[in-house]
Amino acid sequence: TLNDPQHRAYQALRPGATVALPWGRGVGLSWFTRFAWYTLVAEHDYRPRKEAPPPWPRGVRIVHLLTDAKDFRADAFDRIDRELCYGWGALGGRLSRGNMCITFAGGSRVDFVSEVRMRDPELHRWRADMITCDDADRLNVKRYDALVTPLFSHPWGVRIELLGGIPHNAP
């Protein structure tokens with residue numbers, strides 16, 4: 001069940017959308033971000049996109065940006081494991097703690113990229129359909145922009161940005 005802010009944000013998640021979630025604690029930002037991954041995977045995993053050239057890419061690619069990979073592993077990996085086994089088990093997702101990714105049976109993938117790894121030139125060869133971040137206000141804006149442009153460069157992508165976080169210097 002979605003609360004009111006989550007429901008409004010979910011309604012805004014459409015191809016080409018940038019959705020900002022300036023939510024404080026207790027609204028469910030991390031949970032909602034994972035919910036958005038799973039629903040996008042469920043929607044796109046088993047049908048080819050007609051706009052894409054053959055062979056059609058199966059599934060979607062989601063990149064989740066992290067400010068601190070160590071904290072994320074400690075806080076989120078056990079929750080993700082439970083969600084993939086129980087609530088979203090039908091998607092066939094498997095969490096790889098070593099590779100920092102989730103792969104789904106239908107071809108979709110969620111990659112976890114730390115801010116340190118954003119400097120890796122290899123990332124500029126990746127393509128993504130969705131970019132998410134729980135602490136977008138803590139990311140380096142120039143590095144973020146330099147990463148997002150090539151990730152969204154393929155013409156048949158969904159191109160959704162879901163950015164959460166509140167400014168830490170707010171009065």
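First things first, this report covers the structure right here in the doc. This is a predicted model, so every value here is computed, not measured.

1. Observations regarding the sheet that holds strand E2 (residues 61-66)
1) Next: Strand order across the open sheet formed by seven strands is E1-E7-E6-E2-E5-E4-E3, with mixed pairing between neighbours. The two strands at the open ends of the sheet, each matched to only one other strand, are strand E1 (18-21) and strand E3 (94-96). With strand direction ignored, the average angle separating the axes of adjacent strands in the sheet is 15°.
2) Next: Pairing of E2 with strand E6 (residues 130-133) involves four bridges; the strand directions are parallel. Residue pairing in the sheet places Ile62 in a bridge with Met130 of E6.

2. As for the packing of aromatic side chains
1) Next: Under the definition given, this model contains 11 aromatic pairs.
2) Next: A ring pair is formed by Phe35 and Trp88, whose centres lie 6.1 Å apart and whose planes are at 70°; its orientation type is edge-to-face. In this pair, Phe35 sits in helix H2 (residues 29-44) while Trp88 sits in the loop between helix H3 (69-85) and E3, placing the two residues 53 residues apart along the sequence.
3) Next: Residue Trp88 is classed as partly exposed on the basis of its relative accessible area, which comes to 25%.
4) Next: Plain terms: the ring middles of Phe72 and Phe112 are 5.0 Å apart, the flat faces sit at 45° to each other, and that makes the pair tilted. A residue pair is termed long-range when its members are at least 10 positions apart, and Phe72 in helix H3 and Phe112 in strand E5 (residues 109-114) qualify at 40 residues.
5) Next: With a relative accessible area of 12%, Phe72 lands in the buried category.
6) Next: Taking relative accessible area as the criterion, Phe112 reaches 1% and is therefore assigned buried.
7) Next: Of the aromatic side chains, those joined through ring pairs into one cluster are Tyr10, Trp23, Trp31, Phe32, Phe35, Trp37, Tyr38, Phe72, Phe77, Trp88 and Phe112.
8) Next: A cation sits over an aromatic face here: Arg61 above Trp126, 4.3 Å from the ring centre.

3. Topic: the environment of Tyr144
1) Next: By secondary structure assignment, the location of Tyr144 is in helix H4 (residues 141-151).
2) Next: Between the C-alpha atoms of Tyr144 and Lys70, which are 74 residues apart in sequence, the distance is 20 Å.
3) Next: Residues within four places of Tyr144 in sequence aside, it is in contact with Leu65, Ile131, Leu139, Glu161 and Leu163.

4. Quick look at unusual backbone geometry
1) Next: At Met100, a position not held by glycine, the phi torsion is positive, near 55°.
2) Next: Relative to the helices and strands, Met100 resides in the loop between E3 and strand E4 (101-103).
3) Next: Judged by relative accessible area, Met100 falls into the buried class, the value being 8%.
4) Next: Unlike most non-glycine residues, Arg159 shows phi in positive territory, near 55°.
5) Next: Considering the arrangement of structural elements, one finds Arg159 in the loop between H4 and strand E7 (160-164).
6) Next: Residue class for Arg159 comes out partly exposed when judged on its relative accessible area of 30%.

5. Focus on the environment of His64
1) Next: You can see His64 is positioned in strand E2.
2) Next: Measuring from C-alpha to C-alpha, the distance between His64 and Gly28 comes to 16 Å, with 36 residues separating the pair along the chain.
3) Next: Each residue touching His64, except ones within four places of it in the same chain, is listed here: Thr33, Trp37, Phe72, Asp111, Phe112, Val113, Thr132, Cys133 and Asp134.
4) Next: Here Thr132 takes part through its side chain, which lies 2.6 Å from a polar atom of the side chain of His64.

So, how was this worked out
- Residues numbered from 1 in each chain as written.
- Predicted model: local features only at pLDDT ≥ 70, side-chain atom pairs only at ≥ 80, totals over all residues.
- Heavy atoms only, no water.
- Pairing = 2+ DSSP bridges.
- Helix = DSSP H or I, 4+ residues; strand = E, 2+ residues; numbered from the N terminus.
- Axes fitted to C-alpha atoms, helices over the stretch in contact; angles between N-to-C directions.
- Phe/Tyr/Trp six-rings, centres within 6.5 Å; stacked < 30°, edge-to-face > 60°.
- Buried < 20%, exposed > 50% of the residue type's maximum accessible area, 1.4 Å probe, protein only.
- Lys NZ or Arg CZ within 6 Å of the ring centre and 35° of its normal.
- Contact = heavy atoms within 4.5 Å.
- Polar contact = N/O pair within 3.5 Å; in protein donor to acceptor, adjacent residues only side chain to side chain.

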